[in-house]
Amino acid sequence: MVIARTVAELRLAVVAARKAGKTIGFVPTMGCLHVGHLALVDLARREATCCVVSIFVNPSQFGPKEDFSKYPRPFEEDCRLCEARGVDIIFAPGVDFYPAEHSTWVSEEAVSQGLCGECRPGHFRGVATVVLKLFNSCLPDVAIFGRKDFQQLAVIRRMVRDLDVPVRIVAAPTEREADGLAISSRNRYLSPEHRARARVISEVLRRAQALVVAGECHAATLLSAASRQLSDEPAFRLQYIAIIDAQTLRPVQKVTHGSSVMAVAGFLGETRLIDNVDL
Ligand code: PAF
């Protein structure tokens, strides 16, 4: 496994792989890898013959009061996990990945609005910018993104479409703990008590799915049932719960089979968790 620290080193490794007839599958991450990331790696390895994983804690997607400095960076453990999983190249640039006086940003202006975009101003501008930089550094054929970050996935798809970025985006299903909690690097911040209570999020989403299967299609009814269930868990501080169209991410009044998503975000203690399901 090659560990590239600069764009030039990454390009050398990628060009060598291409000369050997390989296709490039890319998994962008901020490190602190867990089974969710490893499932993305597995998918990249099914979609392409050379797997590149980037590990870069991107400062521009963190707000001033967010956890950039305390974001875990277990780099050696991440490398070990990648090697064991068959990753070919790790790209781990330093902070100079952003040149001094960097002043160019990618700003998606439709699907990045509302939901997490409203709670985390500037977040998706930071994500879109770094992802385009990563795509330009790695020039992948295919890139894999987790479905848990539903709005991020929508922003990236839009950016790729609007800016003609020559990469195929593949969404990977959300990996879950046995009690349903969506796997996330932030779960490790939860106290044992909050970890036990975190199951409420996926329970609410599963119940909404069951109500839809039973015939309920009014978003207002589904949202008030979900809000009631969440308010029964006093430790959970709701940020938003919404039923949205899967393409536009705009709120819908009625659920349409196959194109409506319920998305939720909130805090347990200081830890912000998000999740979503198809309805
Ligand atoms: O999903 C993440 O881990 C990050 O937002 C990403 C896509 C690696 C960009 O920094």
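Preceding block: the structure.
This structure is a prediction, so every number in the text was calculated from the model and none was measured.

A. Structural view of the site of the ligand. Close to the ligand lie Pro-28, Thr-29, Met-30, Asn-58, Gln-61, Val-130, Val-131 and Gln-152, which account for all nearby residues. A distance of 2.6 Å is found between an oxygen atom of the ligand and a side-chain nitrogen or oxygen belonging to Gln-61. Gln-152 places a polar side-chain atom, nitrogen or oxygen, 2.7 Å from an oxygen atom of the ligand. Expressed as a share of its isolated accessible area of 290 Å², the protein-covered part of the ligand is 88%. Here the ligand occupies the largest cavity. Each residue belonging to the shell around the ligand can be placed in one class, and the counts come to four nonpolar, four polar and no charged.

B. Summary view of the packing of aromatic side chains. Summed over the entire model, instances satisfying the criterion amount to nine aromatic pairs. Centroid distance Phe-56 to Phe-97: 5.3 Å. Interplanar angle 80°. Geometry classified as edge-to-face. Within this pair, whereas Phe-56 is found in the loop between β3 (50-55) and α3 (75-85), its partner Phe-97 is found in the loop between β4 (89-91) and α4 (115-119), the two being separated by 41 residues in sequence. Judged by relative accessible area, Phe-56 falls into the buried class, the value being 6%. Phe-97 gets classed as buried once you look at its relative accessible area, which sits at 7%. The rings of Phe-56, Phe-91, Phe-97, Tyr-98 and Trp-105 are connected pair by pair, giving a single aromatic cluster. Seen from the ring of Tyr-189, Lys-70 lies directly overhead, with NZ or CZ sitting 4.5 Å from the centre. Here Lys-133 stacks its cationic end above the ring of Phe-97, 4.4 Å away from the centre of that ring.

C. Representation of the sheet that holds strand β8 (residues 260-268) within the structure. The three strands are arranged β7-β8-β9 in an open sheet whose pairing can be described as antiparallel. One side of each edge strand has no neighbouring strand; the edge strands of this open sheet are β7 (236-245) and β9 (271-278). Across the sheet, the axes of successive neighbouring strands diverge by a mean angle of 15°, strand direction being ignored. Relative to β9, β8 runs antiparallel, the two sharing eight bridges. The residue of β9 that forms the bridge with Val-261 is Asp-278.

D. Local environment of unusual backbone geometry. Phi angles above zero are rare outside glycine, and Glu-101 is one such case at about 60°. Mapped onto the elements, Glu-101 comes out in the loop between β4 and α4. Under the relative-accessibility criterion, Glu-101 is labelled exposed at 78%. The phi angle at Leu-139 is positive, at roughly 45°, despite the residue not being glycine. Along the chain, the position of Leu-139 falls in the loop between α5 (123-138) and β5 (142-146).

E. Seen up close, helix α1 (residues 7-19). Compared with an ideal rise of 1.5 Å per residue, which puts 13 residues at 18 Å, α1 spans 18 Å between its outermost C-alpha atoms and is within 8% of the ideal. Along α1, the positions that sit buried rather than exposed are Leu-10, Ala-13, Val-14 and Ala-17. Around the axis of α1, the buried residues are gathered within 95° of arc, so they sit on the same side. Structural note: α1 exposes Ala-8, Leu-12 and Lys-19 on the side pointing more than 90 degrees away from its buried face. Contact partners of the buried residues in α1: β1 (2-4), β2 (24-29), β3, β4 and α5.

Cut-off values and rules
- Residues numbered from 1 in each chain as written.
- Predicted model: local features only at pLDDT ≥ 70, side-chain atom pairs only at ≥ 80, totals over all residues.
- Heavy atoms only, no water.
- Near = heavy atom within 4 Å.
- Polar contact = N/O pair within 3.5 Å; in protein donor to acceptor, adjacent residues only side chain to side chain.
- Areas by Shrake-Rupley, 256 points an atom, 1.4 Å probe, with all protein chains shown as cover.
- 1 Å grid on protein atoms, 1.4 Å probe; cavity = no way out; pocket = protein on both sides within 12 Å on 5 of 7 lines; lining within 4 Å.
- Sits in = over half its atoms within 2 Å of the grid points.
- Nonpolar A, V, L, I, M, F, W, Y, C, P; charged D, E, K, R; others polar.
- Phe/Tyr/Trp six-rings, centres within 6.5 Å; stacked < 30°, edge-to-face > 60°.
- Helix = DSSP H or I, 4+ residues; strand = E, 2+ residues; numbered from the N terminus.
- Buried < 20%, exposed > 50% of the residue type's maximum accessible area, 1.4 Å probe, protein only.
- Lys NZ or Arg CZ within 6 Å of the ring centre and 35° of its normal.
- Pairing = 2+ DSSP bridges.
- Axes fitted to C-alpha atoms, helices over the stretch in contact; angles between N-to-C directions.
- Expected span 1.5 Å × (residues − 1).
- Arc of directions from axis to C-beta.
- Contact = heavy atoms within 4.5 Å.

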